[in-house]
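Below are the chains, spelled out letter by letter.
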Amino acid sequence: MSSKDGFRATFGYEPTGTWVAPGRVNLIGEHTDYNEGFVLPFAIDRSTTVALSSRGDSLVRVASAFADELVELPLAELAPDRLAGWSAYPLGVAWALGEHGADLSALPGVDLYIESTVPVGAGLSSSAAIESAVAVALDETWELGLDRRALARVGQLAENKAVGAPTGIMDQSASLLGLEDHGVFLDCRSLESQVVELGFRAAGLEVLVIDTKVSHSHATGGYAARRASCEAGARILEVSALRDVTVDDLARAQRLLDDETFRRVRHVVTENQRVLDTVAVLRSEGPLAIGELLDASHTSMRDDFEISVPELDLAVVTARENGAIGARMTGGGFGGAAIALAPREAIEQIAAAVRAAFASRDYAEPATFTVTAADGAHRLR
Ligand code: ADP
Ligand code: MG
């Protein structure tokens, strides 16, 4: 059912507009965001759609194909501690727009219906897709005139405060700033971003996502521990963030840090360099030359940052053995998905080989599907 049909069925009248925002895949740059470093995600051809209409009163009502409930609240009563569950994402965005200057006590209420083709919890950021779709829909409806960077901060604020997830700004930036066949090269310190041509289509390449279905069960504790190691490393090396440590500084870092902290730092420092190298190689030689950087990123996450799991390692190795030019786990780690960059004609063989390898080890059946780099959030009609 489309979001328009869902809107009609839920609210009994026609929506005035429909907005869409994509999920994202991170091509390279993992655990670099909170170290004020670099990331290179791209928006994908799976997205969340929001059908919306203004109301005559000040009520905001949200419904989703994802959940069997209608949640409603007066706009002026939106506050992080009043929000919970899935509706904290869309309602949190409305609240966060208030924090960015929207006068929620004067604006008209809205009815919102949400529908999505971004799988939830597969590492493709269904959360940023819903935040960004609601953000562009409300920004236009309420005539707020916020730019894309501000809307990315709105989504992040909603996720940090209303949902309570301590995430960075990468996902929202990709969803709002993405462009067909381009990556979004983001400096997480200055928040400056540039789109970088990927050239996958012309090179005959596709990106295969392999969702291991392994849940991020250690994710919360592991994520916090990795952040703490990075902060400890930065403190001992006397920099405000690991962004300020370069590959040339690593010999000195090794003398000053214990082995585990050193390896955590080495991942972040080399990963930042790999993002810069990937952007440079894409511009100079094109996408066929970035495979080694993707592979090196995975090795660094497996051995130095220690956030991979056997299923992700198997997916990556199998993809490479079956024709991928590069492969790596993507996302926060401890489960989730891997990506393989491969010639179009090798994709099916890789997916079949990964499924067979998983079956032979009695791992749960992975989901495999291709994604292409797509446009960021926009109005549909
Ligand atoms: P992901 O990796 O997919 O971003 P998150 O845990 O960050 O995983 O976000 C997933 C959550 O976002 C869901 O549990 C749900 O609360 C919310 N969400 C995502 N898509 C939708 C949707 N279409 N409708 C309602 N809520 C959604
Ligand atoms: Mg998310």
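Residues numbered from 1 in each chain as written. Chains lettered and ligands numbered in written order. Predicted model: local features only at pLDDT ≥ 70, side-chain atom pairs only at ≥ 80, totals over all residues. Heavy atoms only, no water.

Peer 1: Please set out helix α8 (residues 259-284) residue by residue, giving values where relevant.
Peer 2: Because an α-helix completes one turn every 3.6 residues, residues spaced three or four positions apart along the sequence face the same direction. Look at α8: 36 Å from first C-alpha to last across 26 residues, which is about the 38 Å you get at 1.5 Å a residue. Where α8 starts, the residue carrying a side-chain oxygen 3.1 Å from the main-chain nitrogen of E260 turns out to be D258. One or two steps after α8, the chain reaches G286, where phi turns positive at roughly 95°. (Helix = DSSP H or I, 4+ residues; strand = E, 2+ residues; numbered from the N terminus. Expected span 1.5 Å × (residues − 1). Polar contact = N/O pair within 3.5 Å; in protein donor to acceptor, adjacent residues only side chain to side chain.)

Peer 1: Lay out the side chain of D111 in plain terms, naming residues and giving numbers.
Peer 2: Along the chain, the position of D111 falls in strand β5 (residues 110-116). Accessibility expressed as a relative area gives 0% for D111, which makes it buried. A polar atom in the side chain of D111 sits 3.2 Å from the side chain of R55. At 2.8 Å, the side chain of D111 forms a polar contact with the side chain of R61. Dropping the residues within four chain positions of it, D111 is found in contact with F7, F11, Y13, A51, L52, S53, R55 and R61. (Buried < 20%, exposed > 50% of the residue type's maximum accessible area, 1.4 Å probe, protein only. Contact = heavy atoms within 4.5 Å.)

Peer 1: Which residues make up the domain arrangement of the chain, and what values do they have?
Peer 2: Many structure descriptions define interface size as the accessible area lost when the parts assemble. Annotation of the chain at the domain level lists domain 1 (3-197 + 375-379) and domain 2 (205-371). On a C-alpha basis, the centres of domain 1 and domain 2 stand 27 Å from each other. Each side of the interface is counted separately: domain 1 has 30 residues, and domain 2 has 40 residues. Both sides together, the interface formed by domain 1 and domain 2 hides about 2900 Å², and carbon and sulfur atoms give 64% of it. Taken together, domain 1 and domain 2 are joined by three salt bridges. The residue R189 makes a salt bridge to D244 at a minimum N-O spacing of 2.8 Å. At the boundary of domain 1 and domain 2, one finds 17 residue pairs in polar contact (both at pLDDT 80 or more). The greatest single-element share of the side of domain 1 that touches domain 2, amounting to seven residues, is contributed by strand β2 (residues 38-54). Each residue belonging to the side of domain 1 that touches domain 2 can be placed in one class, and the counts come to 15 nonpolar, eight polar and seven charged. (Domains from an automatic or database assignment. Buried area = accessible area lost by both parts, 1.4 Å probe. Salt bridge = Lys/Arg side-chain N within 4 Å of Asp/Glu carboxyl O. Nonpolar A, V, L, I, M, F, W, Y, C, P; charged D, E, K, R; others polar.)

Peer 1: Tell me about the environment of R148, residues and numbers included.
Peer 2: Summarising the element assignment, R148 is placed in helix α4 (residues 148-163). Taking relative accessible area as the criterion, R148 reaches 30% and is therefore assigned partly exposed. In this structure, the C-alpha to C-alpha distance between R148 and A135, residues 13 residues apart in sequence, is 9.5 Å. In this structure R148 touches V136, L176, L177 and A377, once residues within four positions along its chain are discounted. Engagement of the side chain of R148 in a polar contact is seen with the backbone oxygen of L176, the distance being 3.1 Å.

Peer 1: Go over the site of ligand 1 with me, naming the residues and quoting the values.
Peer 2: Near ligand 1 you find 14 residues, and of these S64, G121, S125, S126 and S127 are the closest. Note that an oxygen atom of ligand 1 is positioned 2.7 Å from one of the side-chain N or O atoms of S126. Within the side chain of S127, an N or O atom sits 2.9 Å from an oxygen atom of ligand 1. Look at ligand 1: alone it shows 560 Å² of surface, and the protein chains cover 79% of it. (Near = heavy atom within 4 Å. Areas by Shrake-Rupley, 256 points an atom, 1.4 Å probe, with all protein chains shown as cover.)

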